[in-house]
Structures are given as C-alpha cells and as structure tokens.
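Architecture and fold: a report
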Amino acid sequence: MKTNFLIMEDCIEDSNKKIIFNSKTGKSLTYNKKDFSTFNDLLNEKEIITQLDNLNFWNNSTNEHEVSRKNRVSFKNDPASINLIILTHQNCNFRCTYCYEHFKKKELPLEMQESIIKYISKRILKEEIKHVNISWFGGEPLLGIKSIEYISGKVIEICKDYGVTYGASITTNGYLLNKKMFERLKKCHITYYQITIDGPKEIHDKQRPLINGAGTFDKIFSNIQDISSKLDGETIIIRTNISNLSLPYMDEFIQTFNENFINNKQIYLDFHQVKDLAGKGESEISTDILLDIISKFVKSGGNAYPIIRKIMPESACYATTTNTYVITVDGDVHKCTVSIDNNDLKIGQMDTEGNMIINTTKLNEWTNPKLKHECNECLLLPMCWNNECPLKRFQCEHCHSYKGFEKKLLNLLFLQKTIDYNVKIPS
Ligand code: SF4
Ligand code: SF4
C-alpha cells in the first residue's frame, strides 16, 4: 500500500462499484467490484498503478504524517500572499434569529482604511508578495460600500504598479446588491459573492428579517435574478443554512432554485447546518441529514457547490492558516469572523501607520493544534488535523463533521461526477 490514508466505501448509487478516496491527496477512484475482489488485486495490476502514479493519486513519501501536515497548512500560509478579511461596517440592516454579532453600528473609519492600504503597500515593498486577496465582510459590508471602493481603488493601483495579482470576494446578505451596486463591485474586482438565503420566502423571512421585522426574500431573490444575466466570470454562492425549523421547506426551495437558476452554472447552492454560534439554543440538524439534502439537490440536476472543494486537504478554514487576518472597524485583528466580539480571542491590533502587531502565541493557538490520541490512526487526518474549526476546538473536544459519514460523503463525489479515475481492467 502506498499510503495509509485511503477511505474505501461501497458506492451507494451504483452497487457494483467501490469508491476509494485518498484523504492526503484529495484524489478518488472507482472500480467495479466484480473486476477485483480485493483492493490488493487492483494493486497487482502494473498498468493501473502507473496510471495512478501519473495522476498523483498517492503522492508517496516516507513521512506521511509530516508531509500531510505541511500540505494542509501550506495553502494560505503562502508567505507570497496577503489575505485580509475586512469588516467595512459593523452594523447590519438584518436581524437574523441565529446571528452571533453584537453590532458596534460603526463604519470602518477613514484612518483605518488608510492604515490598511499602508499595511499592504509596506508588505509589498518589503516582502516578495505575489498576490493580494481581500474578502469584504461585516455586519453587512455593503453598508460600507464607500470604504470598499476607496480601499479597492488604492490597492488595485498599488498591485498593478508592483506586478502583484489581486482578487476579492464578498459575503453579503444580498439586500442592497441591485444591478447598480453589482456594477460598482465589478469595478472593485470582486468576483466571488456569498449570499445567504435560508429557504423559501416563508422560512427565510422568519429567520432573516430586516431590523424592522419585514421580510427580505423577495428583494434578495430579485436582485440575484437581475444580476444573474450580467455575470461575466463572477461566481455566486447561495448559502442556505438549514435548521430543524427550515428542514421541511427544503424540497420547495430546491424546486424554486432550479426553476430560476438551473441553467446558470455560475450560481451554486451551498447547504450548511445552522450552528448555534450565538448560544441561542438553535437545535442543529445532523451531518447525515445535511448530506442527504445535498444528494437530493444534486440528483435534481441542481448546481451544488462541489463537496470535493470542501474536503481537499488544502481546503482548511482560513482561521487555521498563518497569514489570513480579520480586521474589525476598530483595527482589532482576529482569526475568525464569528469570534470578533470575544476579546480573549483577539490576536493583534492594527495601528494607524500601517502596522499590524500580532501576538504569535495567540496566533499559534489557532494554527497549531495538538492532535488527540485517536488522530494518529484516523483516515481523515490529512483533511482535519484536529482543526476543522479551531473555534469549536476551543469550546470542546470534537471531530471533523464528516467523521462517521464517509460513505455518504464519497457517494456525493460520485454524484457530482468529481471522481478522478475510473479503473478498468487493462485489455
Ligand atoms: S479530530 Fe477526529 S476526525 Fe479529526 S483527525 Fe482527529 S480523530 Fe480524525
Ligand atoms: S474557525 Fe470555525 S467558525 Fe470560525 S471561520 Fe473557521 S470554521 Fe468557521
């Protein structure tokens, strides 16, 4: 065996097939069970092994654990890239029932905007930076559209002058994202939009109302319809947070989504469990149910966000990496947008001169977890490292949310046609 990290399951959708996923390389294969009675039989076929080698299916190494740990952390720890998550406004026009934010009701002040620009330009001048990425966040980031435009304009110019590539994304509730706003954001080079819709109108309006309690579904949905014909390389992820309350409405929502967007491959639907991050006693649906809903959606022909992009070893949450920072309107530096109101979890501070002072001991707590005893034997180790969600890890001992649901997970790879290799007996 060339690796210890093979997860092998029978395919649910095709009872003749076996699926194998290498959690270290993120590569997968299927083969017909009648062709090989054991996996070792397959390994005896030289031609197949050569093809798998060429596909980097194994990525063989003497110290598997160490190589996998390095792969896992290298992605966003690349010293040649700057990744910032900037809160442009800490108020929101919504009051979602499960929201964890405390709403400072404040815009990112001009002096902090200038400081962020200086920080980026200083690092570009001093270091070998090749890429700058900004993710706009809030509150509702579009309440701070002026700072998005101001910072983007300056940073895009600096990047151009120094031959550095630039990319940007935004997480917005979508209420203010009309055609005019979309054109403004295009100029800010934003190519990736995450917008939350929690189900059909009936349930979405209950979970995600405006401050005054009015519904928001109609406006968001028509905004997305309006901009859907204007997409030119942009991706829209519609995030749907499922709670026990909204679960019965998902079939209806899948139908609505498909009726409107099934032919637009730039618009994805991405289902999540509502997490009780605010401690409001939200009861969470299980991973098992979540995977069933995603499968149902995929089978309906819907464009589901590819599960493979969530389980590749390098798909770690940004909070686990050493060079992604969240900057609040006060210049506080955090690792996770969910914990910005928890001062104990603050890891640094921006001054007004473009300097970010980081407490490396605190940073280390996010990026360098201790493994549990059972991790050393775990097939999910390369995609987990006991750090799927550092914030959860601080609260309690837990495992990767897909642990125990590997069969349904691998079946989804099959349904989404993201299996890398279909092994056939050499003729
Ligand atoms: S935390 Fe759980 S799922 Fe993650 S590597 Fe350890 S044992 Fe495996
Ligand atoms: S640390 Fe957890 S809650 Fe925070 S962004 Fe990462 S996965 Fe989400």
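Residues numbered from 1 in each chain as written. Chains lettered and ligands numbered in written order. Predicted model: local features only at pLDDT ≥ 70, side-chain atom pairs only at ≥ 80, totals over all residues.

1. As for the sheet that holds strand 10 (residues 324–327)
- The ten strands lie next to each other as 9-8-7-6-5-4-10-11-12-13, forming an open sheet whose pairing is mixed. Here the strands that pair on one side only, and so sit at the sheet edges, are strand 9 (267–273) and strand 13 (356–358). Across this sheet, the average inter-strand angle for adjacent strands is 25°, counted without regard to direction. (Pairing = 2+ DSSP bridges. Helix = DSSP H or I, 4+ residues; strand = E, 2+ residues; numbered from the N terminus. Axes fitted to C-alpha atoms, helices over the stretch in contact; angles between N-to-C directions.)

2. Regarding the nonpolar core
- Ranked by size, the top nonpolar core spans 89 residues in total, and within it Ile 86, Val 132, Ile 294, Ile 327 and Leu 413 carry the most contacts.
- Considering each element in turn, this core owes the most residues, six residues, to helix 15 (residues 406–415).
- When residues are assigned to domains, this core turns out to be shared by domain 1 (6–60 + 403–423) and domain 2 (78–311), each giving three or more.
- Once residues within four sequence positions are removed from consideration, Ile 86 is found in contact with Ile 116, Ile 134, Trp 136, Phe 137 and Ile 327. (Core = buried A, V, L, I, M, F, W, Y, C linked by C-beta atoms within 7 Å. Buried ≥ 20, exposed ≤ 12 C-beta atoms within 10 Å, placed from the backbone. Domains from an automatic or database assignment. Contact = placed C-beta atoms within 7 Å.)

3. Quick word on the domain arrangement of the chain
- For the chain, the assigned domains are domain 1 (6–60 + 403–423) and domain 2 (78–311).
- Taking only C-alpha atoms into account, the centre of domain 1 sits 34 Å from that of domain 2.
- Contacts between domain 1 and domain 2 engage ten residues on the former and twelve residues on the latter.

4. Some words on the packing of helix 10 (residues 287–299) against helix 15
- For the pair helix 10 and helix 15, the least separation of the axes is 10 Å and the interaxial angle reads 15°. Between helix 10 and helix 15, the angle falls in the class roughly parallel. The two elements helix 10 and helix 15 meet at a crossing, and its hand is left-handed. Contact with helix 10, carried on its side by Asp 288, Leu 291, Ile 294, Ser 295, Val 298 and Lys 299, involves Lys 408, Leu 409, Asn 411, Leu 412 and Leu 415 of helix 15 and no other residues of that element. (Parallel < 35°, antiparallel > 145°, perpendicular 65-115°, else oblique. Left-handed = near helix turned anticlockwise from the far one by under 90°.)

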